[in-house]
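Summary of the model geometry
Each chain, letter by letter, is given below.
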Amino acid sequence: LLRTLPARGTFVVDTNRAEAKPPLAWRFDGSFSLSEVFETRTLVEAELCRLATPVLTAAQLEALSEACQAFETSWRDSDLITHVEADLAFHALIAEACPNRMLCGFYKSINEVLTESQRAPIPRTEVARMEASIKEHRAILSALHRGKAEEAAAAMREHIRNTARIAGIDVTGFP
């Protein structure tokens, strides 16, 4: 009935809710809510994706393909460390390819918080969600390869929204 989270406090678990999941431990709670971070990711990463699409080089597309493959393979091999690293690399490679240096710099300046938001839902991620996440990464990659900027941005937005749901956050109404 109670859940204690280090440095956050003790919370009553709502047993009437179907999932009855306690709040996620979020180390940046004093600065930003996890909801604010997912809202920011939805905006920033989708735009980074949209702007990067038309300028991606063959080498960058290959690096993204490798990160996507490592993301999937490491999941199947139960290598969670490599899996998380591949996920972080995939997102960072897109940001690095963005021709808007200010937006890329902004992404880098908040990278520690963004990285933590990618890690936070992991303990709640079920096999079916991870399979969906793999498909979402492939959809992003496919749109990037085909040079479809709006499609890539939409796929990134959907991926982040789905990840937020695992953390118990709904950003579907957010742009």
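Look up: the structure comes first, before these words.
Computed from a predicted structure; not experimentally measured.

Counting residues in hydrophobic clusters, the biggest one holds 24 residues, and the most contacted among them are F38, F90, I94, I140 and L144. Mapped by element, the contributors of at least two residues to this core are α1 (34–52), α2 (58–76), α3 (80–97), α6 (127–145) and α7 (149–166). Broken down by element, this core gets its largest block of residues, five residues, from α7. In contact with F90, other than residues within four places in its own chain, are L64, A67, C68, H137, I140 and L141. Membership of the second largest hydrophobic core comes to eleven residues, among which are A92, A95, Y107 and V113.

A few words now on α7. The end-to-end C-alpha distance of α7 is 26 Å, a good match for the 26 Å that 18 residues give at a rise of 1.5 Å each. Within the span of α7, buried status applies to A149, A152, A153, A155, M156, H159, I160, R161, N162, T163, A164 and I166. Tucked into the core, α7 has its buried residues touching α1, α3 and α6. Backbone geometry just after α7 places G168 at a positive phi near 85°.

Mapping R157 onto the fold places it in helix α7. Spatially, the C-alpha atoms of R157 and E45 are 7.5 Å apart, while their sequence positions differ by 112 residues. Aside from chain neighbours lying at most four places away, what touches R157 is T42, A46 and P175.

Given a rise of 1.5 Å per residue, 18 residues ought to cover 26 Å, and the 26 Å separating the end C-alpha atoms of α3 matches this to within 8%. Along α3, the positions that sit buried rather than exposed are H83, V84, A86, D87, L88, F90, H91, A92, I94, A95 and A97. Where α3 is buried, its residues meet α1, α2, α4 (101–109), α5 (111–119), α6 and α7.

This part covers the packing of α3 against α4. Between α3 and α4, the least distance of the axes is 8 Å, while the angle of their chain directions is 150°. Taken together, the axis directions place α3 and α4 in an arrangement best described as roughly antiparallel. Seen from α3, the contacting residues are H91, A92, A95 and E96; seen from α4, they are R101, C104, Y107 and K108. Residues belonging to the contact of α3 with α4 are distributed by class as follows: four nonpolar, one polar and three charged.

Once that is clear, we can look at the side chain of E45. With respect to the helices and strands, the residue E45 is situated in helix α1. A distance of 2.6 Å separates a polar atom in the side chain of E45 from a polar atom in the side chain of H91. Residue contacts for E45: discarding those within four places in its chain leaves T40, H91, Y107, M156 and I160.

Cut-offs applied
- Residues numbered from 1 in each chain as written.
- Predicted model: local features only at pLDDT ≥ 70, side-chain atom pairs only at ≥ 80, totals over all residues.
- Heavy atoms only, no water.
- Core = buried A, V, L, I, M, F, W, Y, C linked by side-chain atoms within 4.5 Å.
- Buried < 20%, exposed > 50% of the residue type's maximum accessible area, 1.4 Å probe, protein only.
- Helix = DSSP H or I, 4+ residues; strand = E, 2+ residues; numbered from the N terminus.
- Contact = heavy atoms within 4.5 Å.
- Expected span 1.5 Å × (residues − 1).
- Axes fitted to C-alpha atoms, helices over the stretch in contact; angles between N-to-C directions.
- Parallel < 35°, antiparallel > 145°, perpendicular 65-115°, else oblique.
- Nonpolar A, V, L, I, M, F, W, Y, C, P; charged D, E, K, R; others polar.
- Polar contact = N/O pair within 3.5 Å; in protein donor to acceptor, adjacent residues only side chain to side chain.

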